[in-house]
Each structure stands twice: as structure tokens, then as C-alpha cells.
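So the chains spell out like this:
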Amino acid sequence: SSGINAEYGVDSREVLCEPGFRVDILEETNADWHKGVCKGHSAYFPTNYLEEIPETGGVLQALYDYTKIQPDEMSITAGQVLFRLEDLGNGWIYGKIKDSRGHVPSSYVQELEDFK
């Protein structure tokens, strides 16, 4: 199982995984913490800082801020990591950030090619 990790340091031997870095889960220690590997370093990560990677779509990063206009759209902030669930064509994607889902202009996001 894998996830996306928000910025979080772990005790004195900090492993800082920024948004968009992959965390490979080694062990689900309890409901609040998972042991994982990020950037080659093993550490414990708070569960609420991780998000499951959907099997379809891709990992994207917002290039610009976008404020939703229609109820089926989703607001994004530049630098934010999101998942593409579907390419809708006509310049729009259907994406997901945590529990939020909605349409986002495809010109406002880019593939995270170095997602590893």
C-alpha cells in the first residue's frame, strides 16, 4: 500500500516527505501511525498525512490557483498535489484531493513525472 505524504518530521532523525513524494507502507502499526519508506529512509508517518493512490489516472500538481465556479468543480491551490480520476476532454479533468472531488481545468495542472 502507498500514499502521499504531507510535510512532517519524525523525531530527531527527521525524514521530511513533501507533498507529492511516495511513501511505501511497510507496516500499519496502529490506526494513527504507519511505518513506511520515503526517499529511501524508513520512518513512522501519521495516517492522516497519507492518502491512498487511486489505481487509475495519475498524480498531478496544480500550477495555479483555481477557484471553483460551478458546484461540480473543485478549487485547487498552486503546488497542491491531486489525483486524476478521469480525463473528461475539452480541457477538463475529474480529480480528487483527500475527500474532495470535482472538475478542474487541465491547463492548471501538470503530471508529477518524478513521482517516486
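On a predicted model such as this, the values are computed, not experimentally measured, just so you know.

**Student:** Would you explain the pairing of strand β4 (residues 41–46) in this entry?
**Tutor:** Looking along a regular strand, one sees side chains alternate from face to face of the sheet. The sheet contact formed by strand β3 (residues 33–38) and β4 spans six bridges and is antiparallel. Bridging across to β4, Trp-33 finds its partner in Pro-46. The loop that links β3 with its antiparallel partner β4 comprises two residues; one of these, Lys-39, has a positive phi angle of about 50 degrees.

**Student:** Can you walk me through the pattern of salt bridges in this structure?
**Tutor:** Close approach of charged atoms allows side chains of opposite charge to pair. Evaluation of the coordinates by the stated rule reveals one salt bridge. Note that Arg-84 is salt-bridged to Glu-111, the shortest N-O span being 2.0 Å. In this pair, Arg-84 is assigned in strand β7 (residues 81–89) and Glu-111 in strand β10 (residues 109–111), connecting sequence segments 27 residues apart. A relative accessible area of 18% means that Arg-84 is categorised as buried. Residue Glu-111 is classed as partly exposed on the basis of its relative accessible area, which comes to 35%.

**Student:** How do you make sense of the environment of Val-37 when you look at a structure like this?
**Tutor:** Positionally, Val-37 belongs in strand β3. Of the residues examined, Val-37 reaches a relative accessible area of 24% and is grouped as partly exposed. Spatially, the C-alpha atoms of Val-37 and Leu-26 are 7.2 Å apart, while their sequence positions differ by 11 residues.

**Student:** What is the right way to look at the sheet that holds β7 in this model?
**Tutor:** Adjacent strands of a sheet pair through backbone hydrogen bonds, lying either parallel or antiparallel. Strand order in this open sheet of five strands is β9-β8-β7-β6-β10, and the pairing throughout is antiparallel. Each end of this open sheet is capped by a strand with a single partner; those strands are β9 (100–105) and β10. Within this sheet the neighbouring strands show an average axis-to-axis angle of 45 degrees, counted without direction. Bridging between strand β6 (residues 58–62) and β10 involves three bridges; their strand directions are antiparallel. Opposite Ala-62, over in β10, you have Val-109 as the bridge partner.

**Student:** Is there a simple way to explain unusual backbone geometry in this structure?
**Tutor:** One non-glycine residue, Asn-90, lies in the positive phi region at around 50 degrees. Residue position: Asn-90 is located in the loop between β7 and β8 (92–97). The exposure class of Asn-90 is exposed, given its relative accessible area of 77%. In this structure, Lys-98 takes a positive phi of about 50 degrees despite not being glycine. Inspection of the secondary structure puts Lys-98 in the loop between β8 and β9. Under the relative-accessibility criterion, Lys-98 is labelled partly exposed at 42%.

**Student:** Help me understand the side chain of His-34 in this model?
**Tutor:** In this fold, His-34 is placed in strand β3. Accessibility expressed as a relative area gives 12% for His-34, which makes it buried. Dropping the residues within four chain positions of it, His-34 is found in contact with Ile-25, Glu-27, Glu-28, Thr-29, Ala-43, Tyr-44, Phe-45, Thr-47 and Leu-50.

Thresholds, definitions, all that
Along every chain, residues carry numbers that run from 1 in the direction the sequence is written. Only residues with pLDDT of at least 70 are given local features in this predicted model, and only at 80 or more are side-chain atom pairs given and counted; all residues enter the totals for whole chains, interfaces and linings. Side-chain descriptors were evaluated using all non-hydrogen atoms of the structure, hydrogens and water having been removed beforehand. A strand pair is defined by DSSP finding two or more bridges across the two strands. By the criteria applied, helices consist of DSSP H or I runs no shorter than four residues and strands consist of E runs no shorter than two, each listed in order from the N terminus. Basic side-chain nitrogens of Lys or Arg form a salt bridge, by our definition, when they fall within 4 Å of a carboxyl oxygen of Asp or Glu. Relative accessibility thresholds used throughout: buried, under 20% of the residue-type maximum; exposed, over 50%; partly exposed, between the two (1.4 Å probe, protein chains only). Here, axes are lines fitted to C-alpha atoms. For helices the fit covers the stretch in contact, and angles between N-to-C directions go from 0 to 180 degrees. In this analysis, two residues are considered to be in contact whenever any of their non-hydrogen atoms come within 4.5 Å of each other.

So far we have only geometry, and geometry alone does not tell us how the molecule works.
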